[in-house]
Amino acid sequence: MTRVALIAHDDKKPDMIDLAQKHQALLEQYDLIATGTTGKRLMEETNLDIERKESGPLGGDMMIGAEVAEGILDGIVFLRDPLRAQAHEPDISALLRICDVHDTPLATNLASAEYLLKGLADRPVHQDG
C-alpha cells in the first residue's frame, strides 16, 4: 500500500484540511501518517485513519524522515509556512534533505500537493518477491 506523510505548519493546517477533504476518497486508499497536531486536526475534520507521530517540534519531522531513510514512505505533503521562522528549522531542513537523498517525492505547497497525490495514484504498483 502507498504510504504518505501529511505535515502542515500552524498557519497551513486549514489548507491541509481543505486538501484532505477535497481528496478524501483518494487519501482513503493510502496508508497515512502525520505529525501530531496535523494528524489530530485531520482526524477531527475527516474520516481518514491516520497514524500520528510526535508533533514536529518534538521530533515528528525526524520520525517521518526516518521512514524516508528506511524506504517505507512513498511521498510527503508538507505545507510549510515560508513567511514565519520555525523553532525546529534544523529538523525541517534535515527532512527536506533526506527526501532529496532518497529521491522521495515532497510537495511543499497546494499546487505540488495535488500533483503528488494524483501522481502516486497513477503510478504502477510494485510487488515484492
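Everything quoted here is computed from the prediction, not taken from an experiment.

Cut-offs used in this document
Residues numbered from 1 in each chain as written. Predicted model: local features only at pLDDT ≥ 70, side-chain atom pairs only at ≥ 80, totals over all residues. Heavy atoms only, no water. Helix = DSSP H or I, 4+ residues; strand = E, 2+ residues; numbered from the N terminus. Rg over C-alpha atoms; globule rule 2.2 N^0.38 Å. Buried < 20%, exposed > 50% of the residue type's maximum accessible area, 1.4 Å probe, protein only. Contact = heavy atoms within 4.5 Å. Areas by Shrake-Rupley, 256 points an atom, 1.4 Å probe, with all protein chains shown as cover. Lys, Arg positive; Asp, Glu negative; His and termini not counted. Charge placed at Lys NZ, Arg CZ, Asp CG, Glu CD. Pairing = 2+ DSSP bridges. Right-handed = clockwise from strand over helix to strand, strands pointing away.

*Asks:* Requested: an account of the overall build of the protein chain, with residues and values cited.
*Replies:* Check the secondary structure of the protein chain and you find six helices and five strands. Along the chain direction, N to C, the helices and strands of the protein chain fall in the order β-α-α-β-α-β-α-β-α-β-α. Whereas a compact globule of 129 residues would reach a radius of gyration of roughly 14 Å, the protein chain reaches 14 Å, a difference of no more than 12%. In the protein chain, buried positions account for 45% of the 129 residues. Look at the contacts in the protein chain between residues 6 or more apart in sequence, and 71% of them connect residues 24 or more apart. Accessible surface for the protein chain amounts to roughly 7,100 Å². Of this, 48% is attributable to carbon and sulfur atoms. Positive and negative side-chain charges in the protein chain, numbering 13 and 23 respectively, have mean positions lying 4 Å apart.

*Asks:* Which residues make up the environment of Met 16, and what values do they have?
*Replies:* Tracing the sequence through the fold places Met 16 in helix 1 (residues 13-22). The exposure class of Met 16 is buried, given its relative accessible area of 1%. Contacts of Met 16, omitting those with residues within four sequence positions, involve Leu 6, Ile 7, Ala 8, Thr 38, Leu 42, Val 77 and Leu 79.

*Asks:* Before we move on, could you go through the pairing of strand 4 (residues 75-79) and cite the residues and values that matter?
*Replies:* Among the five residues of strand 4, five are classified as buried, and the element is accordingly described as predominantly covered. Taking every second residue as pointing to the same face, both faces of strand 4 are buried, with Gly 75, Val 77 and Leu 79 on one and Ile 76 and Phe 78 on the other. The pairing of strand 1 (residues 3-8) with strand 4 spans five bridges and is classified as parallel. Within strand 4, the residue paired with Val 4 across the bridge is Gly 75. Alignment of strand 4 against strand 5 (residues 106-107), held across two bridges, turns out to be parallel. When the bridges of strand 5 are listed, Val 77 appears paired with Ala 107. Running through helix 5 (residues 89-101), the crossover from strand 4 to the neighbouring parallel element strand 5 is right-handed.

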